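This is what each chain is made of:
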Amino acid sequence: MAIVNLQNVAYKYPLTDSPALQNITFQVNEGEFVAIIGPNGAGKSTLCYTLAGFVPHFFKGELAGHVEVAGIESHNSSLSEWVLNVGLAFQNPFNQISGAKYTVFEELAFGLENIGIPREEMKTRVEDAMKLTGISDLAERSPYSLSGGQQQRVALTSILVMQPKVLVLDEPTSQMDPIGTREVFGVIRRMAERGMTVILVEHKVEWIAQFADRVIALKDGQILLDGTPSEVLTSPLLQENGFGISRYTSVARIAKEMGLWKKDKLPVTLDEAVEGFSLAKHR
Amino acid sequence: MKIEISNLQFSYPNGIQALNGISLTIDSNEQVAIVGQNGAGKTTLVKHLNGLLQPTQGQVLIGDWDTSKHSVAKLASRVGYVFQNPDEQLFSKTVGTEVAFGPRNLGFNGDQVQALVKDALTLTELSDKTETNPYDLSVTWRKMVALASIISMDTDIVVFDEPTTGQDAVNIARIANVIAELRKRGKTVITITHDIDFCSENFERIIALSQGKILLDGKANEVLGQEEILATTYVDPPQLTRLGKRLNFNQTVRKEEEFLDVLSKDRS
């Protein structure tokens, strides 16, 4: 069942002439893990804001078309309804940390306090979420004393404790080390398997290919491609339009021209690349 | 200009020991990438190069200058440092004045400043944005302004802290071009990065840090081939290196040409 439904959505920020989004139509089913890719300036963050109700309720501007997320309709709602159902982790974790709390533990409880969750449940939720994202050892640290990657884990955790139906993540691993990134992708995948719907903006194509169910490619505020990771991430349109692709795909594309890649389909993951190139080796 | 670091130790005021005895030499005209997990001490280490931090123990030499005996302002003529977050660095009303600030402060005359600014803006593809307020630009372009404002200082040593964070493929290629040009000019370039594919394609020497110590330091192929050791500091080898390994290549590969080369030999 569709939990996200966008029909002909267009949006202009205040005091701007050109639309940040236009002709955006797509649905996302409950429990689906959708990755959004696109060059800088394609409208990825604006789309996140739209899915979380910040557009138009916080940013104002002109929103046209139909936006419905978890049963809430953009035009007839207030931001307080959105926060109960949709969680958004900002691109820059520094912008998200409240500044009102001295420890990571308190920071994580901040959202729960605001929606009136009982004390004992708050503690359990915060402890469980910290375990999930591997930050239990940071509980007593100040949110501002952490490294960029650690702050991003805190920002993600502060959304997970809210147990939103829809999780919107704007480059949640941009400052993380490589294996930390892979771990966080694993956590996000598990949330999707538990029924949370995930919409994730990312440049790290290798992990999108491995973990996401579906990929939407945005360019100039419009949807260029929408399909399975394999369909979208091997499309020749990506490189022509300034998207990053995985080295597995790009090297196999050249190898194919040289007769060293025998399959029709190009690989997007390490396993697919190993399988395809082994075929070429043992002929 | 040569950098010599001997037995560098550093503790933050809260007692956390961030660097535990680092010794290394970086020659003039070397390009080095520093990798390692969050909290390994990468940023702490490079902040010692321009005196933003002072050793608790040990010594840092920039050419013949001991960083503990020279001010940050003086060291700025030898070491340029581009912050991870451009917003911590930019303050001028226009891109042009921002990029002119550094060289003017270093005492270059008017004509020299103009030439340095023009060169830095060309290199970073910002020439058409001279009159724009940096904060009217997207974060992608603000990052380029931060790069330009350091390049214009024409220092012998340039340090980049996470230059590719949040950047798309087109801009990563732009940054790679800037680094290649600095190499041609004989600059020493030191780059902290988590983007291991970018690191592997643009640097020939790689230093892996872990818990304030040097874990690995050597030629890119040697370092990136050590999958198990890198994993202890939360670094994965590059995609093509991992692929080559899974295909049982008898050498470590990093770049597409190398990969295809081994693959075609393998088959014949």
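Just so it is clear, the structure is predicted and the values come from calculations on it, not from any experiment.

Regarding its fold elements, chain B presents 11 helices and 10 strands. A compact globule built from 268 residues would reach a C-alpha radius of gyration of about 18 Å, and chain B, at 19 Å, matches this within 12%. Seen along its three principal axes, the alpha-carbon backbone of chain B occupies a region of about 60 × 45 × 30 Å. Expressed as a percentage of its 268 residues, the buried residues of chain B come to 49%. The long-range share in chain B, meaning contacts at least 24 apart out of those at least 6 apart in sequence, stands at 64%.

Moving on: the overall build of chain A. Of regular secondary structure, chain A possesses 12 helices and 10 strands. Taken against the 2.2 N^0.38 rule, which gives 19 Å for 283 residues, the C-alpha radius of gyration of chain A at 20 Å falls within 12% of a compact globule. Once the C-alpha set of chain A is aligned to its principal axes, its extents read approximately 65 × 45 × 35 Å. Among the 283 residues that make up chain A, the fraction classed as buried is 50%.

Okay, the interface of chain B and chain A next. The interface of chain B with chain A comprises 33 residues on the first partner and 37 residues on the second. At the level of elements, helix H6 (169-184), helix H7 (196-202), helix H10 (239-246) and helix H11 (256-267) of chain B are the ones that each hand at least two residues to the side of chain B that touches chain A.

Let us now look at the nonpolar core. Ile36(A), Val168(A) and Val198(A) are the most contacted members of the largest nonpolar core, which has 91 residues in total. Listed in part, the 69 residues of the second largest apolar core include Phe10(B), Leu45(B), Leu90(B) and Tyr234(B).

Turning to unusual backbone geometry, a few remarks are in order. Residue and element names in this part refer to chain A. Backbone torsion omega between Val 55 and Pro 56 reads 5 degrees, so that peptide bond is classified as cis. Structurally, Pro 56 is set in helix H2 (residues 54-57). You will see that Asn 23, though not glycine, has its phi angle at about 50 degrees, which is positive. Along the chain, the position of Asn 23 falls in strand E2 (residues 21-29).

Another point: the sheet that holds strand E3 (residues 33-37) of chain A. Residue and element names in this part refer to chain A. The strand order across the open sheet formed by six strands is E6-E7-E8-E3-E9-E10, and the pairing between neighbours is mixed. Strand pairing shows two members of the sheet lacking a second neighbour, strand E6 (86-89) and strand E10 (222-227), which therefore form its edges. The average angle at which neighbouring strand axes cross in this sheet is 15 degrees, direction not considered. With respect to the sheet, helix H6 (residues 148-160) is in contact with E6 and strand E7 (166-170), its orientation differing from that of E6 by roughly 175 degrees.

Take helix H1 (residues 44-51) of chain A next. Residues and elements named next belong to chain A. Counting buried positions along H1 gives eight out of eight residues, so the element sits mostly inside the fold. Taken together, the buried positions of H1 are occupied by Lys 44, Ser 45, Thr 46, Leu 47, Cys 48, Tyr 49, Thr 50 and Leu 51. Positive backbone phi, approximately 85 degrees, marks Gly 53, located one or two places after H1.

Residues and elements named next belong to chain B. Each domain of chain B was delimited in the assignment, giving domain 1 (1-78 + 156-236), domain 2 (88-154) and domain 3 (238-268). Relative placement of domain 1 and domain 2: their C-alpha centres are 24 Å apart. Contacts between the two partners involve nine residues from domain 1 and, on the opposite side, 10 residues from domain 2. Broken down by element, the residue count for the side of domain 1 that touches domain 2 peaks at four residues, all from H6. The residue inventory of the side of domain 1 that touches domain 2, partitioned by class, reads three nonpolar, four polar and two charged.

Moving on: H10(B). An α-helical turn contains 3.6 residues, so any two residues separated by three or four positions project in the same direction. All names here are of chain B. Burial within H10 is extensive, with six of its eight residues counted as buried. Listed as buried for H10 are Gln 239, Leu 240, Thr 241, Arg 242, Leu 243 and Gly 244. Immediately beyond the C-terminal end of H10, within one or two residues, lies Asn 248, with a positive phi of roughly 60 degrees.

Moving on, we come to the domain arrangement of chain A. Residue and element names in this part refer to chain A. Taken domain by domain, chain A comprises domain 1 (2-233) and domain 2 (246-283). Between the C-alpha centres of domain 1 and domain 2 the distance comes to 33 Å. Contact residues are listed per partner, giving seven residues for domain 1 and five residues for domain 2. Of all the secondary-structure elements, those providing two or more residues to the side of domain 1 that touches domain 2 are helix H8 (205-211) and helix H9 (229-233). Here the side of domain 1 that touches domain 2 takes four residues from H8, the largest share from any one element. In the side of domain 1 that touches domain 2, the residues fall into four nonpolar, two polar and one charged.

Moving on, we get to the sheet that holds strand E10 (residues 213-219) of chain B. The pairing of strands in a sheet happens through backbone hydrogen bonds and is either parallel or antiparallel. Residues and elements named next belong to chain B. As summarised here, the arrangement of the six strands in space is E6-E7-E8-E3-E9-E10, forming an open sheet in which the pairing is mixed. What marks the edges here is a single partner per strand, and that holds for strand E6 (79-82) and E10. For this sheet, the mean angle separating the axes of adjacent strands, direction not counted, is 15 degrees. Contacts between helix H5 (residues 139-151) and the sheet are confined to E6 and strand E7 (157-161), with E6 contributing the most and set at about 175 degrees to the helix. The sheet strands contacting H6 are strand E3 (31-35), E7 and strand E8 (188-192), and the helix crosses E8 at an angle near 150 degrees.

Moving on to the environment of Trp65(B). All names here are of chain B. You can see Trp 65 is positioned in strand E5 (residues 65-66). Along the primary structure Trp 65 and Leu 75 are separated by 10 residues, whereas in three dimensions their C-alpha atoms are 8.4 Å apart. If we skip the residues at most four places from it in the chain, Trp 65 touches His 70 and Arg 78.

Let us now look at the packing of helix H4 (residues 104-114) of chain A against helix H5 (residues 119-133) of chain A. Helix-helix packing is characterised by the crossing angle of the two axes and by the distance between the axes. All names here are of chain A. For the pair H4 and H5, the least separation of the axes is 10 Å and the interaxial angle reads 125 degrees. Our classification of the angle between H4 and H5 gives oblique. Taken as a pair, H4 and H5 cross one another with a handedness that is right-handed. For the pair H4 and H5, the contacting residues are Phe 105, Leu 108, Ala 109 and Leu 112 in the first and Met 122, Arg 125, Val 126, Ala 129 and Met 130 in the second. Partitioning the contact of H4 with H5 into residue classes produces eight nonpolar, no polar and one charged.

For the rest of this paragraph, the subject is the pairing of E6(A). Residue and element names in this part refer to chain A. Of the two faces of E6, both are covered, the one formed by Val 86 and Leu 88 as well as the one formed by Gly 87 and Ala 89. Relative to E7, E6 runs parallel, the two being bridged by four bridges. The residue of E7 that forms the bridge with Gly 87 is Leu 167.

About the criteria used
- Residues numbered from 1 in each chain as written.
- Chains lettered and ligands numbered in written order.
- Predicted model: local features only at pLDDT ≥ 70, side-chain atom pairs only at ≥ 80, totals over all residues.
- Helix = DSSP H or I, 4+ residues; strand = E, 2+ residues; numbered from the N terminus.
- Rg over C-alpha atoms; globule rule 2.2 N^0.38 Å.
- Buried ≥ 20, exposed ≤ 12 C-beta atoms within 10 Å, placed from the backbone.
- Contact = placed C-beta atoms within 7 Å.
- Core = buried A, V, L, I, M, F, W, Y, C linked by C-beta atoms within 7 Å.
- Pairing = 2+ DSSP bridges.
- Axes fitted to C-alpha atoms, helices over the stretch in contact; angles between N-to-C directions.
- Domains from an automatic or database assignment.
- Nonpolar A, V, L, I, M, F, W, Y, C, P; charged D, E, K, R; others polar.
- Parallel < 35°, antiparallel > 145°, perpendicular 65-115°, else oblique.
- Left-handed = near helix turned anticlockwise from the far one by under 90°.

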